[in-house]
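# Analysis of the macromolecular model
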Amino acid sequence: MRRGALAVGAAGGRRESSGKRTAKTGKNNGERTAKTGKNNGERTAKTTRTAARRSGGRAVAAAAAAAERAAARKEAEEAARRARHLKELSRASGAERALEELVFGDSLHVEEDDLLRCLAGPQRLDAPERETLQKDSSDSEAEDEAKGNLLTKKPAWVDEDDEAEENVDMTHRYRKDLMKSDAEKTLTKKKLKRRLEEQFQRAMGGVPAWADLENRKKSKKTASDSESDEDDDLLCRTGNFVTNSESLPRGILKMGICLPANQERFANGRLATVQFHPSAQVVMTAGHDRSVSLFQVDGIKNPKIQSIYLESFPIYKASFSVDGEYVIATGTHHRMFFVYDMMSGNIIPIQKVRGVEERFLRSFELSPDGSFMLVTGTSGYLHLLSMKTKELISTMKVNGRCAASAFTPDSSKVYSYSKEGEVFVWDVRSRKCLHKFEDEGSLEGKCIALSKNNQYVACGSASGVVNLYTTDACLKEHRPKPVKAIMNLVTSATCVTFNPTTEILAVASREADEAVKLVHIPSYTVFSNFPVFRRKQIYLAQSMDFSPRSGYFSIANNKGKALLFRLKHYSDF
């Protein structure tokens, strides 16, 4: 059993040693295999690096070759550009070439003296060159002369229709305002052009300085002499150098609405008269409530100065004397009239004028020189009284019934407007009728007014048309054409008046509310902003007046108010 055990142990030992040898052999083989793989990997990496090094060298060589080719091409282009530049320099003048070479380089052979000599001016030409230039100039002159001959040739044929005057339809809504009468339904182009020039001159107050060529040429010489002095004067002063235009613009009238002039004492009933004092800042109102009131005009409060009451005497019309010291008032149903002395406060009744056989004395006019009072009677009689003695001087008579009368600004003539539509012109000194003319289209005369500069006559008729005439035409023609027929009223024109500067004509009717229009005389157009649209404030206009310098405009209405408006274009009262 012991030998069997030893045999088993020896066999186990041999098997153990054999296993060790096998393990050692496997380890050695593994190490040799790993070493061989490592060596192979190093050889492969080395081979790869060598190949990459070789391929990179070829790429660098190719890039270097491409750069050399690009540089060569660039040098060739630069050489060509320099050649072209030199060629252009050779074409330029000597001065230009020298200047370019001096500025841009390549000028070592160009001296500054040569450049200055080239810039000094053109060189004298030789004889052959001069002959060539003279020949070229003669050829150009011949060409110009030939062109002039072509332009002066007569046309081959003429169309008769081109020379015929073309008529323009004046009834078009854009040209209606240029018509002076209904007879001018067509005008030639020349007349229309002349009419437009006249309208422009009236609107501008004459020919503008920029349109007057002759005066512009004359004024240029004097203006150049005084220009320096004016500039010095302008720089030495301060202030507002922007002022209003002297002429009144058309279209929109700048105005402000003030408190009524009789704000502190409204009339009980209809106001018959509103009138501004000729010299003081005072306004007078008179009406059917038998009172005459005076107010100071400031546009803010308009305080009352005083009032007088005429018992049982409803006032038909009242007026200041020319010197502003008296007020003359007539009644609605009386033969007498009153004179109120504002200095002494006395009320003087004039019971009856000897020689005047009238049932009522109502309408009257005072001469601008303060010498006469013209009373309009019945049956066409006009009674001329002395303002000093209040006695009758003479009586004149028109055909039919007299509706209204007016003195000329110099008090030498009287225009009387009959209800039959005729206007009679009387000489005040001799009391003779100098002329008579018909108001165009008038069926019944209502009112008449003369401008303060004696340039225009305005006649208002029962149809609502107010015809505006020039005084020259009225004194020369029996049927003058009005320069403008104002047709903005639809009821009888009962009142017309000019402002002192003859730029505005106020027309009104007492038969319809808001029937008041202000006309811009230079352009014969109506101001569009008066009265205010959709705002009832005037009602029935009874009387109108402008202040002495057109700063204010007042309207007396049937509600007992004297409406007051400030005309902002005029700076004074």
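Here the structure is a predicted model, which means the values were calculated and not measured.

The rules behind the values
- Residue positions within a chain follow its written sequence, with the count starting from 1.
- With pLDDT at 70 or above as the cut-off, local features in this predicted model cover only qualifying residues; side-chain atom pairs require 80 or more to be listed or tallied, and sums for whole chains, interfaces and linings still use all residues.
- With hydrogens and water excluded, all non-hydrogen atoms of the structure serve as input to the side-chain values.
- The predictor rates its confidence in each residue with pLDDT, a number between 0 and 100.
- Whether two residues are in contact is decided by their heavy atoms: any pair within 4.5 Å suffices.
- What makes a salt bridge here is a side-chain nitrogen of Lys or Arg within 4 Å of a carboxyl oxygen of Asp or Glu, nothing more.
- For the purposes of this entry, the term helix denotes a DSSP run of H or I that reaches at least four residues, the term strand denotes a run of E that reaches at least two, and both are numbered from the N terminus.
- Exposure is judged per residue with a 1.4 Å probe applied to protein chains only, and the accessible area is read against the type maximum: over 50% gives exposed, under 20% gives buried, and values in between give partly exposed.
- Aromatic contacts are taken between Phe, Tyr and Trp rings whose centres are within 6.5 Å, Trp giving its six-membered ring; a plane angle under 30 degrees counts as stacked, one over 60 as edge-to-face, and the others as tilted.
- Only lysine NZ and arginine CZ atoms are considered, and such an atom sits over a ring when it is within 6 Å of the ring centre and within 35 degrees of the ring normal.

## Brief notes about the confidence of the model for the protein chain
In this model, the protein chain carries a mean pLDDT of 80, and residues with pLDDT of at least 70 account for 69%. Predicted confidence is poor over residues 1-20, with pLDDT under 50, and the contacts of this stretch with residues over four places away or in other chains come to zero contacts. pLDDT under 50 marks residues 238-245. Its contacts with residues more than four places away, or in other chains, come to four contacts.

## Points about the pattern of salt bridges
For the coordinates displayed, the defined rule picks out 10 salt bridges. One salt bridge in this structure joins Glu78 and Arg81, with 2.4 Å as the shortest N-O distance. Taken together, the residues span about one helical turn, with Glu78 and Arg81 both in helix α1 (residues 2-91) at a distance of three residues. When its relative accessible area of 28% is taken as the criterion, Glu78 is described as partly exposed. According to the relative accessible area criterion, Arg81 is partly exposed, its value standing at 42%. The partner of Lys536 in a salt bridge is Asp513, with the nearest N and O atoms 2.8 Å apart.

## Thoughts on the packing of aromatic side chains
Enumeration according to the criterion identifies nine aromatic pairs in this entry. Ring geometry for Phe530 against Phe553: centres 6.2 Å apart, planes inclined by 70°, an arrangement best described as edge-to-face. In this pair, Phe530 is assigned in the loop between β27 (525-526) and β28 (541-546) and Phe553 in strand β29 (residues 552-557), connecting sequence segments 23 residues apart. Its relative accessible area of 2% is what places Phe530 among the buried residues. Accessibility expressed as a relative area gives 0% for Phe553, which makes it buried. An aromatic cluster of three or more residues is present, and its members are Phe530, Phe546, Phe553 and Phe565. Across the ring face of Phe364, the terminal group of Lys317 is positioned such that the distance to the ring centre comes to 5.0 Å.

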